[in-house]
Amino acid sequence: MILPTELLEDIRQSWVNDFTIQQLITDLQDSPFSHIHYTYHFDQLRRNGKLVVGNDVHLREKLLQLFHSSATGGHSGANVIARRLSAIVYWPGLWRSVQNFVRECSICQRYKYETVATQGLLQPLPLPTGNFIDLTMDFIEAIQTTPFEALYGVPPPLYVPYVHGDSHVEAVDLYIRSRETAIALLQHHLQQAMNRMKQQVDKHRTDREFDVGDMSAYRLRLPSDAIIHNVFHVSLLKPAYASIAASSELPPMSRQSVIQPQAILDRRIVKRKNATATQLLVHWQGYSPADATWEFTDDFQLHYPFFSLRTRNLGEGSIVTNCNGNSAFDGGGNQ
Ligand SMILES: [Zn+2]
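Bear in mind the structure is a predicted one, so any value in this text is a computation, not a measurement.

S.K.: Explain the overall build of the protein chain to me, please; I cannot follow it from the model alone.
M.R.: When helices and strands are counted, the protein chain shows ten helices and 13 strands. Here the protein chain holds 335 residues, and 10% of them are scored as buried. In the protein chain, once contacts between residues fewer than 6 apart in sequence are set aside, the share between residues at least 24 apart is 48%.

S.K.: When you look at unusual backbone geometry in this model, what are you seeing that I'm missing?
M.R.: Positive phi is not limited to glycine here, since Asp-43 has a value of about 60°. Along the chain, Asp-43 falls in the loop between strand E1 (38-41) and strand E2 (44-47). One non-glycine residue, Asn-48, lies in the positive phi region at around 45°. Locating Asn-48 in the fold gives a position in the loop between E2 and strand E3 (50-52). Classification of Asn-48 as exposed rests on a count of 11 C-beta atoms within 10 Å.

S.K.: I tried to follow the sheet that holds E3 on my own but got confused; where do I start?
M.R.: Remark on secondary structure: sheet strands pair via backbone hydrogen bonds, oriented parallel or antiparallel. As summarised here, the arrangement of the four strands in space is E1-E2-E3-E4, forming an open sheet in which the pairing is mixed. Unpaired on one side and paired on the other, E1 and strand E4 (89-90) mark the two borders of the sheet. Pairing of E1 with E2 involves four bridges; the strand directions are antiparallel. Its bridge partner being in E2, Thr-39 is matched across the sheet by Arg-46.

S.K.: Would you mind going over helix H5 (residues 94-104) with me for this structure?
M.R.: In an α-helix, one turn spans 3.6 residues; hence positions three or four apart end up facing the same way. Among all positions of H5, only Ser-97, Val-98, Phe-101 and Val-102 are buried. Considered in projection along H5, the buried side chains sweep an arc of 125° and stay on one side of the axis.

S.K.: Explain the pairing of E2 to me, please; I cannot follow it from the model alone.
M.R.: Across a regular strand the side chains alternate sides, sitting on one face of the sheet and then on the other. As paired strands, E2 and E3 are joined by two bridges and run antiparallel to one another. Counted as the bridge partner of Arg-46 is Leu-51 from E3. Linkage of E2 to E3, two consecutive antiparallel strands, is achieved through a turn of two residues, within which Asn-48 is found at a positive phi near 45°.

S.K.: How do you make sense of the packing of helix H4 (residues 78-86) against H5 when you look at a structure like this?
M.R.: When two helices pack together, you describe them by how their axes are tilted relative to each other and by the distance separating the axes. Interhelical geometry of H4 versus H5 gives an angle of 140° and a closest axis separation of 9 Å. Of the possible angle classes, the one that applies to H4 and H5 is oblique. Helix-helix and strand crossings are classified by hand; for H4 and H5 the assignment is right-handed. Counted together, Ala-78, Ile-81, Ala-82, Leu-85 and Ser-86 of H4 and Leu-94, Trp-95, Val-98, Gln-99 and Val-102 of H5 form the full contact between these two elements.

S.K.: Whenever I open this one, the packing of helix H3 (residues 57-68) against H4 confuses me. Can you help?
M.R.: Interhelical geometry of H3 versus H4 gives an angle of 115° and a closest axis separation of 10 Å. Note that H3 runs across H4; the crossing there is right-handed. In this structure, H3 uses Leu-63, Phe-67 and His-68 to contact H4, whose residues at the interface are Ile-81, Arg-84 and Leu-85. For the contact of H3 with H4, the per-class residue count stands at four nonpolar, one polar and one charged.

S.K.: Would you take a moment to explain the confidence of the model for the protein chain for this structure?
M.R.: Caution is warranted with low-pLDDT regions, since their predicted coordinates should not be read in detail. Across the protein chain, the average pLDDT comes to 75, with 70% of residues at 70 or higher. Within the model, pLDDT remains below 50 along residues 311-335, and this stretch shows 40 contacts once partners closer than five positions in the same chain are excluded.

S.K.: Looking at this structure, how should I read the environment of Ile-176?
M.R.: Mapped onto the elements, Ile-176 comes out in helix H9 (residues 170-203). Ile-176 gets classed as partly exposed once you count the C-beta atoms within 10 Å, which come to 17. Between the C-alpha atom of Ile-176 and that of Tyr-162, which follows or precedes it by 14 residues, the distance is 7.0 Å. Other than its neighbours up to four places away in sequence, Ile-176 contacts Tyr-162 and Ser-167.

The rules behind each value
- Residues numbered from 1 in each chain as written.
- Predicted model: local features only at pLDDT ≥ 70, side-chain atom pairs only at ≥ 80, totals over all residues.
- Helix = DSSP H or I, 4+ residues; strand = E, 2+ residues; numbered from the N terminus.
- Buried ≥ 20, exposed ≤ 12 C-beta atoms within 10 Å, placed from the backbone.
- Contact = placed C-beta atoms within 7 Å.
- Pairing = 2+ DSSP bridges.
- Arc of directions from axis to C-beta.
- Axes fitted to C-alpha atoms, helices over the stretch in contact; angles between N-to-C directions.
- Parallel < 35°, antiparallel > 145°, perpendicular 65-115°, else oblique.
- Left-handed = near helix turned anticlockwise from the far one by under 90°.
- Nonpolar A, V, L, I, M, F, W, Y, C, P; charged D, E, K, R; others polar.
- pLDDT = per-residue confidence, 0-100.

As structure tokens, this is what we get:
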């Protein structure tokens, strides 16, 4: 990227009111090698060959905009922008400025996916306090009984912790105490296993807080004509870093704007990382079959959960079509 001439003039202007830079120029005019990284030739102050930008917030903002938000900038990420910018100009803290600028860019905030890990840390269930007490709800609903009952035909006995000396019989006292120790040991190992599991899972996740507390979903104030539900899970939300004026309109989300699958033309098995995965050749609505794309089956089903994969034989091999019509994305739009 080449700097427009007027920007070069703006950069020169930024030196006028910058006392440190004025001092630097004076030093270099007196003695060209007085500052190791700096040169002053042809009225241009450079640091390691890069034009020095004075302490002028507006000018720096203008440069950031040119490199990030303009058509040539293309809203590239902070690292790309910082590398391009620092190839031409220099100011102390340039990388940090770029990071803040990109982070606060309202366009990027709204339209870019996040490159952070899945949000929300694993919240393990509390350790059971007795035998066969803890079961997940759907398990109970599915079998209508506990594993203990299924096995022994009676409800599990109530677990009452033993207090040392409760029994006058030495053998009983010893036996129950050793059982208590075994239970404590079991709980200890369960806790350790759970911590390890949580650690592993959380490695791939980031905690997300909006400074409100332990909320997992937020009710948003939406325009009155919004036809989507107003409660969103944290994983769908991003914190806003810059104060963006609230828009009274939601981004357009017409059915036409969301691409819909029309048919599955083929299947294949491919290698993904070290495992195999199936891909579907998807024919998209409004596009020719020649534009069909290979999509991973699990991703596809995630985005189009209502797209039925029922096979219909049309003579030219098996073709899977959408039997639910084209309403796969009605009311959704959270992708
Ligand atoms: Zn941007």
